[in-house]
Amino acid sequence: MNDLDALQRDALAAIEAAEHLDDLDEVRVRFTGKRSDLTAIQKGMRDLEPEERKARGQALNAFREAFQAAFDARYEQLQGAALRERLEAERLDLTLPPRRVPPGRPHLLTQVEQEMLDVFIGMGFRVAEGPEAESGSYNFDLLNIEPDHPARQEMDTIYVDGFDDVVLRTHTSPVQSRVMTTSEPPIAVVCPGRTYRADAVDATHSPVFSQIEGLYVAEDVHMAHLRGTLLAFARAMFGADREIRLRPSFFPFTEPSAEVDVSFDGPGGNHGWLEILGAGMVDPNVLTFCGIDPDRYSGFAFGIGIERVAMLRHQVRDIRELFEADARFLARF
Ligand code: DAH
């Protein structure tokens, strides 16, 4: 029996001495593994007399139980220690103030464009888009703007080098023609997008700006439909008590044409009118160019500058504020 007693003493001491879970595993292999003394003793049992074998078996069981109990206890201790060590290593100081990340939001122009589109979508218009690099034919010809028409100069067109007849669109009106050549009336679209003109930058001009084009073509469309649509738009964007006024104007693609003003009440009883857009009844030529029968259909169209609406709505005095990305300005909206 002495050998087992000695073995147990050694084993329990080794378990006690284990500093890490790895050490403990080693102890288990050393004392109970295939090549351990324990295994050798178990093998030797075969050669014993029955009486002796029984006593030996009990002693072996006692050893195993003692070993297992000591092992489990140490295992628990070491595992707790390992956990504490890891928690210590991964400790976070939750009292540190977080780095502040200000929430982002769409740019003022995007917000206003979205609001404008929402108003028209609510009236039944759908959104259509066209390319910013546009053919002269869509930008001018199909809109009844002839090659030597002064509008081509007035618009300070930016031409695209190396391409025949490609311009950066000077307005969103070419999207009208694109929609009309590819669909049948009734047509009700709004076409948002960037537009370009070789203008010098000042408080009210930018070579890059944006517009929303509107187009409605159906049977029996007349000027009152245009007026009603624009009045509803003006009231939705600027206030329920607004009025609009149509002043006669000229655009090659509409006849008659109008410039549209919206009323305002400024500080100190200041009443007045502000121009917000150009509009008119689609010229029969434009319908014909796009394959729509002008004897059967008529329509209205309008073009609104998004920057202008944003500036009027939010008292922005200089268009450059909309493009310069000054954080102090952007934070206001
Ligand atoms: N395309 C014109 C411009 O950029 C705006 C415009 C005026 C559009 C009258 C229209 C319209 O559709 O009918 O100045």
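Residues numbered from 1 in each chain as written. Predicted model: local features only at pLDDT ≥ 70, side-chain atom pairs only at ≥ 80, totals over all residues. Heavy atoms only, no water.

Q: Could you give an account of the domain arrangement of the chain, naming the residues involved and the relevant values?
A: Put simply, an interface is often sized by how much accessible area is lost when its parts join up. What the domain assignment reports for the chain is domain 1 (2–89) and domain 2 (108–330). On a C-alpha basis, the centres of domain 1 and domain 2 stand 89 Å from each other. (Domains from an automatic or database assignment.)

Q: Describe the sheet that holds strand 8 (residues 254–266), naming the residues involved and giving the relevant values.
A: As summarised here, the arrangement of the 7 strands in space is 1-5-6-10-9-8-7, forming an open sheet in which the pairing is mixed. Two strands bound the open sheet, and with one partner strand each, they are strand 1 (126–127) and strand 7 (244–251). Across 11 bridges, the pairing between strand 8 and strand 9 (residues 270–282) is antiparallel. The residue of strand 9 that forms the bridge with Val262 is Leu274. This element, helix 5 (residues 108–122), spans strand 1, strand 5 (187–196), strand 6 (208–218) and strand 10 (298–305) of the sheet and lies at about 165° to strand 5. (Pairing = 2+ DSSP bridges. Helix = DSSP H or I, 4+ residues; strand = E, 2+ residues; numbered from the N terminus. Contact = heavy atoms within 4.5 Å. Axes fitted to C-alpha atoms, helices over the stretch in contact; angles between N-to-C directions.)

Q: Give me the lowdown on the side chain of Thr39, citing residues and values where you can.
A: With respect to the helices and strands, the residue Thr39 is situated in helix 3 (residues 37–44). The residues contacting Thr39, other than those within four sequence positions of it, are Thr32, Gly33 and Lys34.

Q: Let's hear about the site of the ligand: which residues, and what values?
A: The environment of the ligand is formed by 15 residues, the closest being His171, Ser173, Arg197, Gln211 and Glu213. At 3.2 Å, a side-chain N or O of Gln176 approaches an oxygen atom of the ligand. Contacts to the ligand include Arg197, whose side-chain N or O atom sits 2.9 Å from an oxygen atom. In the shell around the ligand, the residues fall into 5 nonpolar, 8 polar and 2 charged. (Near = heavy atom within 4 Å. Polar contact = N/O pair within 3.5 Å; in protein donor to acceptor, adjacent residues only side chain to side chain. Nonpolar A, V, L, I, M, F, W, Y, C, P; charged D, E, K, R; others polar.)

Q: For the nonpolar core, give the residues involved together with the corresponding values.
A: One finds Met116 and Phe302 to be the most contacted residues of the largest nonpolar core, which totals 38 residues. Counting residues per element, the ones that place at least two in this core are helix 5, strand 6, helix 9 (223–238), strand 8, strand 9, strand 10 and helix 11 (306–314). Beyond its immediate sequence surroundings of up to four residues, Phe302 is in contact with Phe120, Val190, Ile212, Glu213, Gly214, Leu226, Leu230, Leu277, Gly278 and Ala279. (Core = buried A, V, L, I, M, F, W, Y, C linked by side-chain atoms within 4.5 Å. Buried < 20%, exposed > 50% of the residue type's maximum accessible area, 1.4 Å probe, protein only.)

Q: Got a sec to walk through the pairing of strand 5? Specific residues and values, please.
A: A large share of strand 5 lies buried, amounting to 8 of its 10 residues. Of the pairings in the sheet, the one linking strand 1 to strand 5 comprises 2 bridges and is parallel in character. The residue bridging Val127 from the neighbouring strand is Val190, located in strand 5. Pairing analysis gives 10 bridges linking strand 5 to strand 6, with the strands arranged antiparallel. Its bridge partner lying in strand 6, Cys191 is registered against Glu213.

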